[in-house]
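Now for the letters of each chain:
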Amino acid sequence: MFPSKVPRVFVLASVVLLFLVTYTTLQLYRRVPPSYPAANPKVIPIQDAAIQGDQTDPDYVTPVETANGILTPGFAIPVSTPSVQDEESARRPDAEGPPSPPPTEPSGRPDNGDASQEELRLSLPDPKRCSRDLEFLVRTSATLELTERVRYTRRYIHPVFSNSVDRENVVNITEPLIRDEVEIDLYDCKDTTIPQSAPIKLHVPNPHPEATYSHLIFGVATDYSRLNASISSFAHWISGTGAKLVASITDAKAKSPSEIEQLQNNFEVAGIRAILVNPVDDAFTTPQNHFTVLIDMMKYSSPGTKWYGLVDDDTFFPTLKPLADSLATLDHEADAYVGALSEDFSSVRTFGFMAFGGAGAFLSAPLAKKLSNQALKCIGEATTREGDTILRDCVYTNSKAKLTILPGLYQQDIRDDVSGFFEAGLRPLNLHHWKSWYKEPVEKMAKAAKFCGDCFLQRWRFGTDTVFSNGFSIARYRDGVASVDLQKMEGTWSKAQADGGDFDFSLGPLRDPYPADQKKSYKLRDAEFAVNGDLRQLYVRIGDDATDELDEVVELVWKKN
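Residues numbered from 1 in each chain as written. Predicted model: local features only at pLDDT ≥ 70, side-chain atom pairs only at ≥ 80, totals over all residues. Heavy atoms only, no water.

Participant: Explain the pattern of salt bridges here, please?
Facilitator: Per the stated rule, a full pass over the model turns up 34 salt bridges. The salt bridge involving Asp526 is made with Lys444; its shortest N-O contact spans 3.8 Å. You can see Asp526 sitting in strand β17 (residues 519–529) and its partner Lys444 sitting in helix α13 (residues 442–445), a full 82 residues away along the chain. In this structure, Arg478 and Asp479 form a salt bridge, with 3.4 Å as the shortest nitrogen-oxygen distance. The network of salt bridges with shared partners includes Asp133, Arg154, Arg536 and Glu555. (Salt bridge = Lys/Arg side-chain N within 4 Å of Asp/Glu carboxyl O. Helix = DSSP H or I, 4+ residues; strand = E, 2+ residues; numbered from the N terminus.)

Right, here's the structure in full:
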């Protein structure tokens, strides 16, 4: 009997082994929403001969000493990106507790959970399996966790540049924008044919001419991690402009010299003329440092400096030219205190008439000098803990200047869905709160401003049902564009429809938000410049997973030539 049992044992073992191999294979090759590495992860220094160590520039300050609070340069190593903590929300009247977690870029896909790196690698769409022309789509699809198959439209834009474009006019384009959709398998699209249609001619403002803004100096106070995480967004608007950035590192005392060197080098690689300084007083809070950084700004300014801008680490300018042009309309030789109120009147009632910090507070050179000399005294006499209110009180105590409101500056005290703001055809000089109160890829959005200047957020009607807001969205309305009052901003954000109309004085009157079944939105989720100078934008609508609806992607290619 014993010999007859041996083959059965081997048979049973073989069955178990086959099951394990099959199960493991299925687990490895099942689709897991991945994260996707950049095509070329190298950090490429931005070349700027006038900035990178140019000792002949009389305005350039090379921070090489620590004795006087200047922090030394050195070498860069990767530093983890911190979670964002909104320091302002604690002083807003609607903040009943800690701020809600910042929203993530909407993908609609489930979390990766404990998926192994091997699983992620094997489940990535491979650009080699698709035509080179689709490489941008395939590479981005993994980052955005798109469905394996997508409905895809590509349209080419032929920009007609002009100085006479009426930026406020919403021009009608008779043909539809979204047409000739094809379904693409992102894992095997080598033989996919993209329908070709004639480029769409759109009249846009001329690109901003190259210029330097060495007469501007900016100051920011934040901790090491937040400052390092903000370099990329700072670089978008200040790199290569000649403007300086003085950054007070609030936790510098807790950092080693090598860490400070790493941070300085990161700024240099990004082409930013950054001067890193210790707080004036280690006991000062971040809001107090927000004001006293003015002392260091004055120290490292030049005789040609006209304007001193105090900003938050999430203050973002699509480009500097519109800001510089607006400030140029004011007298920089007189005492001038310039900024914007909060859009939320409840905040204005609570904190008063002042330049709210996220929009930036801009001081003319004479006023900046007066305040820097009185800064420590103003801190000692302050009856408030917030930097922008300390600044206001110091201005009113030491000068006759009153707040000058600069149109186009925005505090952006709005939360969650801010589509209405970005789809209203505004020409914002700045953006704020974009990585805390709401989350939008502003650097990618503002690439439009690099391509055609004031065309960022310019609007067009397409066909009978579509409005295109350049750099933000494509919106299709179920009942047609004729049913939409484009003269009013859509109140999409939290509190927009609350009783009291607290936003009417700044952004209103508002119209009611559209429910999802009446408005189909494609949001800009990525953009990049091609080697030939073309601007490629990807607008994405996430499908409903519950009904196995495919994601939709519209790629717009703005032709450089």
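Participant: How do you make sense of empty space enclosed by the protein when you look at a structure like this?
Facilitator: Over the atoms rolls a probe the size of a water molecule, and in doing so it shows where empty space is left. By the definition in use, this model includes five cavities of 30 Å³ or more. Of the volumes computed, that of the second largest cavity is approximately 50 Å³. Lining of the second largest cavity is provided by Tyr152, Thr153, Arg154, Arg155, Arg179, Asp180, Val182, Ile194, Pro195 and Ser197. Element by element, the count of residues in the lining of the second largest cavity is highest for strand β1 (residues 149–162), at four residues. (1 Å grid on protein atoms, 1.4 Å probe; cavity = no way out; pocket = protein on both sides within 12 Å on 5 of 7 lines; lining within 4 Å. Points joined across faces, edges and corners; volume = space filled by probe spheres on them.)

Participant: Even after reading the chapter, I still don't get the environment of Lys523, so can you show me in this structure?
Facilitator: Here Lys523 shows up in strand β17. Along the primary structure Lys523 and Met445 are separated by 78 residues, whereas in three dimensions their C-alpha atoms are 9.9 Å apart. At 3.1 Å, the side chain of Lys523 and the side chain of Ser419 are in polar contact. (Polar contact = N/O pair within 3.5 Å; in protein donor to acceptor, adjacent residues only side chain to side chain.)

Participant: What is the right way to read the state of the cysteines from this model?
Facilitator: By definition, a disulfide links two cysteine residues through a covalent bond between their sulfur atoms. Under the defined criterion, the tally for this structure stands at three disulfides. There is a disulfide in this structure between Cys130 and Cys189, and the S-S distance comes to 1.6 Å. Linking Cys130 and Cys189, the disulfide has an S-S dihedral of approximately 100° and is accordingly described as right-handed. With Cys130 in the loop between α2 (117–123) and α3 (135–143) and Cys189 in the loop between β3 (182–185) and β4 (200–205), this pair connects stretches of sequence that are 59 residues apart. Each sulfur of the disulfide joining Cys452 and Cys455 lies 1.7 Å from the other. (Disulfide = S-S within 2.5 Å.)

Participant: Before we go on, may I ask you to explain the nonpolar core in this structure?
Facilitator: Among soluble globular proteins, nonpolar side chains are generally buried collectively. Judged by nonpolar contacts, the single largest core of 85 residues is most densely connected at Phe218, Phe267, Ile272, Leu323 and Trp558. Of the residues forming this core, the biggest block, five residues, is contributed by helix α5 (residues 231–238). The residues touching Ile272, leaving out its near neighbours within four places in the chain, are Ile231, Phe234, Ala235, Ile238, Ser239, Leu245 and Phe267. Within the second largest apolar cluster, 33 residues are counted, among which are Phe284, Leu294, Ala375 and Cys378. (Core = buried A, V, L, I, M, F, W, Y, C linked by side-chain atoms within 4.5 Å. Buried < 20%, exposed > 50% of the residue type's maximum accessible area, 1.4 Å probe, protein only. Contact = heavy atoms within 4.5 Å.)

Participant: Teacher, can you tell me more about the confidence of the model for the protein here?
Facilitator: Should the pLDDT be low somewhere, the predicted coordinates at that spot are not to be read in detail. Of the residues in the protein, 78% reach a pLDDT of 70 or more, and the chain-wide mean stands at 84. Taken together, the stretch residues 1–6 has pLDDT below 50 and engages in zero contacts with residues farther than four places along the chain or on a different chain. A low-confidence stretch, residues 72–108 stays under pLDDT 50, and its non-local contacts, those more than four residues away or across chains, total 81 contacts. (pLDDT = per-residue confidence, 0-100.)

Participant: Honestly, the packing of aromatic side chains in this entry has me stumped. Any pointers?
Facilitator: Aromatic ring pairs are described here by two measures, namely the spacing of the ring centres and the angle between the planes. If you walk through the whole model with that rule in mind, you get 19 aromatic pairs. On the basis of an interplanar angle of 70° and a centroid distance of 4.8 Å, the ring pair of Trp237 and Phe317 is categorised as edge-to-face. With Trp237 in helix α5 and Phe317 in the loop between β8 (307–310) and α8 (321–327), this residue pair connects regions lying 80 residues apart in the sequence. Residue classification places Trp237 among the buried residues on the basis of a relative accessible area of 2%. Arranged with centres 6.2 Å apart and planes meeting at 65°, the rings of Phe316 and Trp434 form a pair that is edge-to-face. Here the residue Phe316 occupies a position in the loop between β8 and α8, and Trp434 occupies one in the loop between α12 (419–422) and α13, the gap between them amounting to 118 residues. This pair shows no difference in class: Phe316 is buried, exactly as Trp434 is. Among the aromatic residues, those joined into a cluster by ring pairs are Phe161, Phe451, Trp460, Phe468, Tyr539 and Trp558. Positioned above the aromatic ring of Tyr396 is the side chain of Lys402, whose terminal nitrogen or guanidinium carbon lies 4.6 Å from the ring centre. Stacked on the ring of Trp437, the Lys or Arg Arg415 has its end atom at 3.9 Å from the ring centre. (Phe/Tyr/Trp six-rings, centres within 6.5 Å; stacked < 30°, edge-to-face > 60°. Lys NZ or Arg CZ within 6 Å of the ring centre and 35° of its normal.)

Participant: I would appreciate a short explanation of the packing of helix α7 (residues 286–299) against helix α11 (residues 387–398) in the present structure.
Facilitator: Helices that pack against each other are described as a pair by the angle of their axes relative to one another and the distance between those axes. The geometry of α7 relative to α11 is characterised by a closest axis approach of 7 Å and an angle of 45° between their N-to-C directions. Considering their axes alone, α7 and α11 lie oblique with respect to each other. Here Pro287, Gln288, His290 and Phe291 of α7 come into contact with α11, specifically with Gly387, Asp388, Ile390, Leu391 and Cys394. Classifying every residue of the contact of α7 with α11 gives five nonpolar, three polar and one charged. (Axes fitted to C-alpha atoms, helices over the stretch in contact; angles between N-to-C directions. Parallel < 35°, antiparallel > 145°, perpendicular 65-115°, else oblique. Nonpolar A, V, L, I, M, F, W, Y, C, P; charged D, E, K, R; others polar.)

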